[in-house]
Amino acid sequence: MDNFDLHNHSTASDGLLSPTQLIQLAARTGVDAIALTDHDTTAGLEEAQDAARAAGIAFVPGVEISVSWGSTTLHIVGLNVDRGSEVLARGLDSIRDGRFGRAQRIAAELERLGMPGTLEGALALAGSEAKLSRTHFARHLVRAGHVKDAQAAFDKYLAQGKPAYVAHRWATLENAVSWIRAAGGIAVIAHPGRYDLKPMMRHEMLREFRELGGAAIEVVTGSHRPEEYATWQRVALEHGFLASRGADYHGPGESACEPGTLPALHASLTPVWSQWAH
Ligand code: AMP
Ligand code: MN
Ligand code: MN
Ligand code: MN
């Protein structure tokens, strides 16, 4: 089997490794083809592409788009996108523009809870206002000694339903899929097991995604528990979705598995990469 890993982050969004460092790690862990899928940006793709060429592994340009579907936040991965696409670039710009205002509101909630100065702290870690994510707040809260690790920061403060969670409007599902398709890419539902949707709504979400031109779902991902793989394998087969595999790697010490180290997709599935020349 070719070792495809189609979901990874770098310092262009909330990863800890630069695009080059990520690719070099993937080459060491035996990845044959890697996608960089930063949140709402394609800024790391050029560097990653060059690093992959130098490391002798195949590169798949990608992105992970934040979407609001009703009150649920979904992540839609675009694979094999043209990083020169104007439509995609303008769409992603429009989402990133909202990140700083949201970060200010998160910081205000944390201040109210007795943790001042978190906007500055998170910003220092993110490097720019448009990149600011909850991950940067989580890392800052660890450094400042408020929580023992980043997971605890989400569990205590930052996850949906917790006191510093701030609702936010991202892209619509329709927009995200259309930007990906306009950029020549394939739209994939990231970590479908992570969304808090009742079965009827889950079915409706999958139906709508498919109707909009979505083609694949992640089955084997670092953001699913191993016991969830079978569930999403069944869903992929039932709905006729292509299947994807990716670590959702964010960096050393923060992710359960390194790129390319997850189990292979079950032989009954059609991998999303089966249609690509490689
Ligand atoms: P944001 O786009 O700012 O909402 O940040 C989303 C990122 O935070 C995700 O891509 C994950 O990296 C991380 N994240 C979200 N929810 C959790 C959670 N419950 N536990 C750990 N990390 C999380
Ligand atoms: Mn992330
Ligand atoms: Mn995600
Ligand atoms: Mn991700």
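Residues numbered from 1 in each chain as written. Chains lettered and ligands numbered in written order. Predicted model: local features only at pLDDT ≥ 70, side-chain atom pairs only at ≥ 80, totals over all residues. Heavy atoms only, no water.

Moving on: the coordination of the manganese ion (ligand 2). Six octahedral donors at a metal ideally form angles of 90 or 180 degrees, and four tetrahedral donors ideally form angles of 109.5 degrees. Protein-derived ligands of the manganese ion (ligand 2) are Asp-14 (OD), His-39 (NE2) and His-250 (NE2), with the metal-ligand distances lying across 2.2 Å. Sequence spacing of the donor residues for the manganese ion (ligand 2), all on one chain, is D-x24-H-x210-H. The two metals, the manganese ion (ligand 2) and the manganese ion (ligand 3), are separated by 5.5 Å. Here His-39, found in the loop between strand S2 (33-36) and helix H2 (45-55), pairs with His-250, found in the segment after strand S7 (242-246); they are 211 residues apart in sequence, far enough to count as distant. A single burial state applies to His-39 and to His-250, both of which are buried. (Donors = N, O, S within 2.8 Å, 3.2 Å for Na, K, Ca; no water. Helix = DSSP H or I, 4+ residues; strand = E, 2+ residues; numbered from the N terminus. Buried < 20%, exposed > 50% of the residue type's maximum accessible area, 1.4 Å probe, protein only.)

Turning our attention to the coordination of the manganese ion (ligand 3). Around the manganese ion (ligand 3), the protein supplies Glu-64 (OE), His-75 (ND1) and His-191 (NE2) as donor atoms, at distances of 2.1 to 2.2 Å. Here the donor residues of the manganese ion (ligand 3) are spaced in sequence according to E-x10-H-x115-H. Judged by its relative accessible area of 0%, Glu-64 is buried.

As summarised here, the arrangement of the seven strands in space is S1-S2-S3-S4-S5-S6-S7, forming an open sheet in which the pairing is mixed. The two strands at the open ends of the sheet, each matched to only one other strand, are strand S1 (4-5) and S7. As paired elements, strand S3 (residues 58-69) and strand S4 (residues 72-79) share eight bridges and run antiparallel to each other. Paired with Glu-64 across the two strands is Val-77, which belongs to S4. Sheet strands touched by helix H1 (residues 19-28): S2 and S3. Its angle to S2, the strand with the most contacts, is close to 155°. Most of the contacts of H2 go to S3, to which it runs at about 150°, and overall it touches S2 and S3. (Pairing = 2+ DSSP bridges. Contact = heavy atoms within 4.5 Å. Axes fitted to C-alpha atoms, helices over the stretch in contact; angles between N-to-C directions.)

Taken as a whole, the chain is organised into domain 1 (4-96 + 169-275) and domain 2 (99-158). Between domain 1 and domain 2, the C-alpha centre-to-centre distance is 25 Å. Counting residues at the interface gives 14 residues for domain 1, matched by nine residues for domain 2. At the boundary of domain 1 with domain 2, total buried surface from both sides reaches about 820 Å², with 44% on carbon and sulfur atoms. (Domains from an automatic or database assignment. Buried area = accessible area lost by both parts, 1.4 Å probe.)

Turning our eyes to something else, we now look at the nonpolar core. By size, the foremost hydrophobic cluster in this structure holds 69 residues, and its most contacted members are Leu-6, Ile-65, Leu-79, Ile-217, Val-219, Val-272 and Trp-276. Broken down by element, this core gets its largest block of residues, six residues, from S3. The contacts of Val-219, once residues within four sequence positions are left out, are His-224, Tyr-229, Trp-232, Gln-233, Ala-236, Ala-243, Ser-244, Leu-265 and Leu-269. Core analysis: the second largest hydrophobic core is formed by 20 residues, Ala-122, Val-147, Ala-153 and Tyr-157 among them. (Core = buried A, V, L, I, M, F, W, Y, C linked by side-chain atoms within 4.5 Å.)

This part is about the site of ligand 1. Ligand 1 sits among Asp-14, His-39, His-75, Arg-99, Arg-102, Ser-133, Arg-134, Thr-135, Gln-151, Phe-154 and His-250. Between ligand 1 and the protein, one listed contact pairs an oxygen atom with a side-chain N or O atom of Thr-135 at 3.2 Å. When ligand 1 sits alone it has 500 Å² of accessible area, and the protein chains cover 81% of it. Here the residues of the shell around ligand 1 are counted per class, giving one nonpolar, six polar and four charged. (Near = heavy atom within 4 Å. Polar contact = N/O pair within 3.5 Å; in protein donor to acceptor, adjacent residues only side chain to side chain. Areas by Shrake-Rupley, 256 points an atom, 1.4 Å probe, with all protein chains shown as cover. Nonpolar A, V, L, I, M, F, W, Y, C, P; charged D, E, K, R; others polar.)

Attention now goes to the side chain of Ser-223. The residue Ser-223 is located in the loop between strand S6 (216-221) and helix H10 (229-239) in this model. In this structure Ser-223 comes out as buried when scored by relative accessible area, which is 16%. Side chain to side chain, Ser-223 and Arg-194 meet in a polar contact 3.0 Å long. Apart from the residues within four sequence positions on either side, Ser-223 is in contact with His-191, Arg-194, Glu-228 and Asp-248.

This next bit is on the pairing of S3. Among the twelve residues of S3, eleven are classified as buried, and the element is accordingly described as predominantly covered. As paired strands, S2 and S3 are joined by four bridges and run parallel to one another. In the strand pairing of S3, Ile-34 is matched with Phe-59. Between S3 and the antiparallel strand that follows it, S4, lie two residues; Gly-70 among them carries a positive phi value of about 60°.

With that settled, the discussion passes to the pattern of salt bridges. Considering all chains together, one arrives at ten salt bridges under this definition. For the salt bridge of Asp-93 with Arg-96, the shortest nitrogen-to-oxygen distance reads 2.6 Å. Of this pair, Asp-93 and Arg-96 both sit in helix H3 (residues 86-96), three residues apart, which is roughly one turn of the helix. Note that Arg-207 is salt-bridged to Glu-204, the shortest N-O span being 2.9 Å. In this pair, Arg-207 and Glu-204 both sit in helix H9 (residues 199-211), three residues apart, roughly one turn of the helix. Accessibility expressed as a relative area gives 37% for Arg-207, which makes it partly exposed. Glu-204 gets classed as partly exposed once you look at its relative accessible area, which sits at 27%. In this structure, a network of salt bridges that share partners links the residues Glu-204, Arg-207 and Glu-211. (Salt bridge = Lys/Arg side-chain N within 4 Å of Asp/Glu carboxyl O.)

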